[in-house]
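Observations on chain architecture
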Amino acid sequence: MWEWRHCDEEEGQTASPAVWVRMAQLQQGGPDEKEKTTALKDLLSRIDLDELMKKDEPPLEFPDTLEGFEYIFNEKGQLRHAKTGEPFVFNYREDLHRWNQKRYEALGEIITKYVYGLLEKECHLKKVTLPVDATESEPKSFIFMSEDALTNPDKLLVLIHGNGVVRAGQWARRLIINEDLDSGTQIPYIKRAIEEGYGVIVLNPNENYIEVEKTKAQVHLSSDSSDEPAEKRERKDKIQKETKKRRDFYEKYRNPQKEKETMQMYIRDNGSPEEHAIYVWDHFISQSAAENVFFVAHSYGGLAFVELMIQREAEVKNKVTAVALTDSVHNVWHQEAGKTIREWMRENCFNWVSSSEPLDTAVESMLPDCPRVSAGTERHELTSWKSFPSVFRFFSEALEAKNSSVKPTPMRRSNRIKYEEL
C-alpha cells in the first residue's frame, strides 16, 4: 500500500489520516476506484498546504531594533544573542519556514540601518541625497562620502556592492548575520582607505525605488484590463471567479495573514544599479579633484562598472587608475564592450574570483578582458573580504607604475602579486 506525502522545501507536512483511509479504500477497489484515487491524488497535490497551515502561523509582527530581537554585536563584530551568547538561529519556530524567513528579513532591515549608523559614526562618512536636485515630494536615495571625497587631490576610492538585498556599506547580509561585520561590510575597506589618504564614496546601487501601499482604487485599476477584447475579459473574469470560489472554500481551514499590496515608485535617474553608477559618476566622481580614482566592485557591481565604462569610456580612462573586481558577473560580450574597453581592462583591472586555489593564483578565463586571480575562497560572498590585502597592494603598485611612467603588463603585475605571497 502506498502513502501520498506532500513536502515543502523546509516543512514535512502530510495529508490528514482521514485522507489516507479514504485513499486506501479506493486503492482496494477496481479500475474505476483506482481512477478516483488518481484524481484524488491529483487534487490533493494542487492544494497549497503552506496556505492551509497559516491558521497556525503567529502574526508577522517583529521588533524594529536589535535590542527587541535580543541580539547584539560583540567586541569581535559577531551577532550574538544578548542573554545566551549564541549565534543567530534561523529556525526560531519549527515548521514555520515562511514566518522564520519574514523574521530574518525584518532583522536584515535592522542590520541595514545599523551599518548606515556605523558608516556615519565609525567611518565619519556623510549621507548625500540623490537626486541632487530632488524635490521634497519625490522618491529619494542616498550615497555616503568622506568629507574630502570631492576635494582630495590625490586618491579617491569608490565602492560598489552586488545585487539583491544589500545596501550601502555591505558586501553580504548573510555574512554580517552569520559571520561578522568585517567580512560582511565594506567598513575595513573604508577605514584602510582613509588611513592611506584616500577620499571615499560608497555607492547604494540597489536603492532604486520606494514602496508605497496601493489604495483600493489603484488595486482595482491594476486588475481592470479594459483594453482587452470583451470575450477575453469575460473568460478571465470567469477564471478569476472560479479561483476565488476555490479559495473561499478553503478559507474555513485557514486564517491567512494578507500582506498589503504595494506599488514601486522609482527614483529619478537611479532606477537600476547601472543608472545609479552613471549618475554618481556624472555628479560626483567626475567632478572630484582626485587625480587617481580606484574602484572596488563586487559581483553585479562589476557589471555596473563595465556599463559605466561603455557609456563614459573617455572619462573613465582619463580619471581611473585601477579597478579591483571581486567575483564580478560582467560579460564583455553580452554587454557589447568594444575592443578599446577590453584592452584597457586587461591593463588596469584584476578580478579576484571564487576558487579553490591559493590567494592571487592566476585563474584561466574564457573572456578577453581583465586577468583573473583566486580570491582564496570558493564562497562568492567572501571574495571581497578574502582579497582585501591584495586589492590595496594592487592599487599601490598601479599608482607606483603610473607615477614612474612605466606601464607594466598584466602578467608582470600578476607575477608581483604571486611572488610576494610565496
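Rules of the game
Residues numbered from 1 in each chain as written. Predicted model: local features only at pLDDT ≥ 70, side-chain atom pairs only at ≥ 80, totals over all residues. Heavy atoms only, no water. Pairing = 2+ DSSP bridges. Helix = DSSP H or I, 4+ residues; strand = E, 2+ residues; numbered from the N terminus. Contact = heavy atoms within 4.5 Å. Axes fitted to C-alpha atoms, helices over the stretch in contact; angles between N-to-C directions. pLDDT = per-residue confidence, 0-100. Phe/Tyr/Trp six-rings, centres within 6.5 Å; stacked < 30°, edge-to-face > 60°. Buried < 20%, exposed > 50% of the residue type's maximum accessible area, 1.4 Å probe, protein only. Lys NZ or Arg CZ within 6 Å of the ring centre and 35° of its normal. Left-handed = near helix turned anticlockwise from the far one by under 90°. Nonpolar A, V, L, I, M, F, W, Y, C, P; charged D, E, K, R; others polar. Salt bridge = Lys/Arg side-chain N within 4 Å of Asp/Glu carboxyl O.

In the nomenclature of an unreviewed UniProt entry, the protein chain is known as Family with sequence similarity 172 member A of Anser cygnoides.

Comments concerning the sheet that holds strand β9 (residues 292-298)
Read from one edge of the open sheet, nine strands run β3-β4-β6-β5-β9-β10-β11-β13-β12, paired in mixed fashion. Of all the strands in the sheet, the pair left with one neighbour each is β3 (126-130) and β12 (362-363). Two strands pair when backbone bridges link them, and β3 and strand β4 (residues 141-145) are joined in this way by five bridges, in the antiparallel orientation. By the bridge assignment, K126 is partnered in β4 with M145. Strands in contact with helix α12 (residues 300-311) are β5 (155-160), β9 and β10 (320-326); relative to β9, the strand with the most contacts, it is inclined by about 135 degrees. Against the sheet, helix α16 (residues 388-403) engages β5, β6 (198-202), β9, β10 and β11 (349-353), with an angle of about 160 degrees to β10.

Quick notes on the confidence of the model for the protein chain
In this model, the protein chain carries an average pLDDT of 83, and 73% of its residues clear a pLDDT of 70 or more. Contacts of residues 249-256 to residues separated by more than four positions or lying in other chains number 12 contacts, the stretch itself having pLDDT below 50.

Some thoughts on the packing of aromatic side chains
Under the criterion given, the structure shown has 25 aromatic pairs. Look at F350 and W352: their rings are 5.8 Å apart centre to centre, the planes differ by 45 degrees, and that puts the pair in the tilted class. When its relative accessible area of 0% is taken as the criterion, F350 is described as buried. A network of ring pairs unites the aromatic residues W171, Y189, Y198, F294, F350, W352, W385, F388, F392, F394 and F395 as a single cluster. In this structure, K127 packs its charged tip against the face of Y116, placed 5.8 Å from the ring centre. Its guanidinium or amino end placed over the ring of F142, K127 lies 4.4 Å from that ring's centre, counting from NZ or CZ.

Focus on the packing of helix α8 (residues 187-195) against α16
It is at 11 Å that the axes of α8 and α16 come closest, and there the two elements cross at 35 degrees. When the axes of α8 and α16 are compared, the crossing they make is right-handed. Contacts between α8 and α16 involve P188, Y189, R192 and A193 on the former and, on the latter, F388, P389, V391 and F392. Considered class by class, the residues forming the contact of α8 with α16 number seven nonpolar, no polar and one charged.

Description of the side chain of S288
Topologically, S288 is positioned in the loop between α11 (273-283) and β9. Overall, the relative accessible area of 6% leaves S288 in the buried class. Apart from residues lying up to four places away in sequence, S288 is in contact with A149, L150, L156 and K319.

Remarks on the pattern of salt bridges
Under the definition given, this model contains 13 salt bridges. Of the charged contacts, one joins E109 and R173 as a salt bridge, the two residues approaching to 3.5 Å between their closest N and O atoms. In this pair, E109 sits in helix α5 (residues 97-121) while R173 sits in helix α6 (residues 173-178), placing the two residues 64 residues apart along the sequence. What you see here is one network of salt bridges that share partners, running through R174, E179, R379 and E381.

Structural notes on the environment of K260
Structurally, the position occupied by K260 is in the loop between α10 (230-251) and β8 (262-266). Here the alpha-carbon distance between K260 and V212, two residues 48 residues apart in the chain, equals 9.6 Å.

Focus: unusual backbone geometry
Here the amide bond leading from L130 into P131 is cis, since omega sits at -10 degrees, within 30 degrees of zero. Note that P131 resides in the loop between β3 and β4. One non-glycine residue, E70, lies in the positive phi region at around 65 degrees. Tracing the backbone through its elements, the reader meets E70 in the loop between α4 (66-69) and β1 (71-73). When its relative accessible area of 31% is taken as the criterion, E70 is described as partly exposed. Positive phi, close to 65 degrees, is recorded for D269, a residue that is not glycine. Among the structural elements, D269 can be located in the loop between β8 and α11.

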